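Each chain, letter by letter, is given below.
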Amino acid sequence: MGKVEGGMKCVKYLLFVFNFIFWLMGSFVLAVGLWLRFDPETVSLLSGNKAPDTFFLGVYILIGAGSLIMLVGFFGCCGAVRESQCLLGSFFTCLLIIFGAEVAAGVFGFLNKDKIIEDVQNFYTKTYSDDNNSTMILSYQKVLNCCGTKSSPCDAEPESENKDCETGIKEFFDSKLFIIGYVGIGIAGVMIIGMIFSMVLCCAVRNSREVI
């Protein structure tokens, strides 16, 4: 069985290191997803029976992507060490699928960012109009340091800095959605490098075996 030599051996070890870093990134993505899902502030804002779940759909995608990246990174390491065309080809295919899914999720998130925020704002204003002293409303006001709505502000709360909760909701979820976006962009860039390395090494392994 032929083994890669020279510069391709360097690519082999670079791919192994890349996959280890990729596995670590998967762990990080999974951790960020779990943090966003179980963050007490976020959960308290979206724990109502009729609360919109669009935000959590994006978080679940992030958790799934992180878990899959960890698995793919492990198989990529095995493929690089064993110089297996099958594992390297599978690794490239998985990266391509994850990359496509992330692009699709990113486009979906970008196009629906305003809708996600609007859904939460509508949920808040409806709950506020039904009972402005409910536990849910008090939770929003405490977490977001806000009070009332744009149409019905409550200036009697000095600690709220006169910020209505609809504005507070927009600021809060903008920051959370940006985290998801930045993590996704970073992973996509790393995956492109991984696909290039895996394809180069896979071709080198095939050529070395043809020579043998």
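About the cut-offs
Residues numbered from 1 in each chain as written. Predicted model: local features only at pLDDT ≥ 70, side-chain atom pairs only at ≥ 80, totals over all residues. Heavy atoms only, no water. Helix = DSSP H or I, 4+ residues; strand = E, 2+ residues; numbered from the N terminus. Buried < 20%, exposed > 50% of the residue type's maximum accessible area, 1.4 Å probe, protein only. Contact = heavy atoms within 4.5 Å. Areas by Shrake-Rupley, 256 points an atom, 1.4 Å probe, with all protein chains shown as cover. Patch = residues over 30% accessible without salt bridge, like charges linked within 9 Å, V, L, I, M, F, W, Y side chains within 5 Å. Salt bridge = Lys/Arg side-chain N within 4 Å of Asp/Glu carboxyl O. Core = buried A, V, L, I, M, F, W, Y, C linked by side-chain atoms within 4.5 Å. Axes fitted to C-alpha atoms, helices over the stretch in contact; angles between N-to-C directions. Parallel < 35°, antiparallel > 145°, perpendicular 65-115°, else oblique. Left-handed = near helix turned anticlockwise from the far one by under 90°. Nonpolar A, V, L, I, M, F, W, Y, C, P; charged D, E, K, R; others polar. Disulfide = S-S within 2.5 Å.

Asker: Just give me the short version of the overall build of the chain, but keep the residues and values in it.
Answerer: If you tally the helices and strands in the chain, you get 6 helices and 0 strands. Order of helices (α) and strands (β) in the chain, N terminus to C terminus: α-α-α-α-α-α. Counting the 212 residues in the chain, one finds 42% classified as buried. Taking the intrachain contacts of the chain between residues at least 6 apart in sequence as the baseline, contacts between residues at least 24 apart amount to 73%. If you sum the accessible surface of the chain, you get close to 11,400 Å²; carbon and sulfur atoms cover 67% of it.

Asker: Tell me about a nonpolar patch on the surface, residues and numbers included.
Answerer: Together, Phe16, Val17, Phe20, Ile21, Trp23, Leu24, Leu68, Leu71, Phe74, Phe75 and Val81 give the surface a local cluster of nonpolar side chains, amounting to about 990 Å² of exposed area. Of all elements in the fold, only helix H1 (7–38) and helix H3 (54–82) reach the threshold of two or more residues within the nonpolar patch. Counting residues per element, the nonpolar patch draws most heavily on H1, at 6 residues. With respect to the helices and strands, Ile21 occurs in helix H1.

Asker: I'd like a rundown of the nonpolar core, residues and numbers included.
Answerer: Counting residues in hydrophobic clusters, the biggest one holds 48 residues, and the most contacted among them are Phe22, Leu46, Phe55, Tyr140, Ile169 and Phe173. Of all the elements in the fold, those that place two or more residues in this core are H1, H3, helix H4 (85–130), helix H5 (135–144) and helix H6 (165–211). If sequence neighbours within four positions are ignored, Phe55 has contacts with Leu36, Thr42, Leu46, Ile116, Phe173, Lys176, Leu177 and Ile180.

Asker: Can you break down the packing of H3 against H4 residue by residue, with the values?
Answerer: Each pair of packed helices can be described by the angle between their axes along with the distance between the axes. Across the interface, H3 lies against H4 with an axial gap of 10 Å and an inter-helix angle of 165°. One finds that H3 runs roughly antiparallel with respect to H4. The interaxial crossing formed by H3 with H4 has left-handed handedness. Partitioned by chemical class, the residues of the contact of H3 with H4 number 17 nonpolar, 3 polar and 3 charged.

Asker: Any chance you could break down the pattern of salt bridges for me, citing the residues and the numbers?
Answerer: For the structure shown, the criterion picks out 5 salt bridges. Across the salt bridge formed by Asp114 and Lys113, the nearest N and O atoms sit 3.6 Å from each other. Taking relative accessible area as the criterion, Lys113 reaches 22% and is therefore assigned partly exposed. A salt bridge links Asp130 to Lys126; the nearest nitrogen and oxygen atoms lie 3.4 Å apart. With Asp130 and Lys126 both in helix H4 and 4 residues apart, the pair spans about one turn of that helix. Under the relative-accessibility criterion, Asp130 is labelled exposed at 57%. Through salt bridges with shared partners, one network takes in Lys113, Asp114, Lys170 and Asp174.

Asker: Provide a residue-level description of the packing of H4 against H5, including the pertinent values.
Answerer: Running from amino to carboxyl end, H4 crosses H5 at an angle of 125°, the nearest separation of the two axes being 9 Å. Relative to H5, the element H4 is oriented oblique. Crossing angle aside, the handedness with which H4 passes H5 is left-handed. In this structure, H4 uses Val120, Phe123, Tyr124, Thr127 and Tyr128 to contact H5, whose residues at the interface are Met136, Ile137, Tyr140 and Gln141. For the contact of H4 with H5, a count of residues per class yields 7 nonpolar, 2 polar and no charged.

Asker: Quick one: what's the story with the state of the cysteines, residue by residue and with numbers?
Answerer: Applying the stated rule across the entire model yields 1 disulfide. Disulfide pairing places Cys146 opposite Cys165 at an S-S distance of 2.0 Å. Where Cys146 bonds to Cys165 through sulfur, the torsion about that S-S bond is close to 95°, and the disulfide is right-handed. Residue Cys146 is found in the loop between H5 and H6, and its partner Cys165 is found in helix H6; the two are separated by 19 residues along the sequence. An identical accessibility class is assigned to Cys146 and Cys165; each is buried. Of all cysteine sulfurs in the structure, the one in Cys77 sits closest to Cys78, which takes part in no disulfide; the separation is 6.9 Å.

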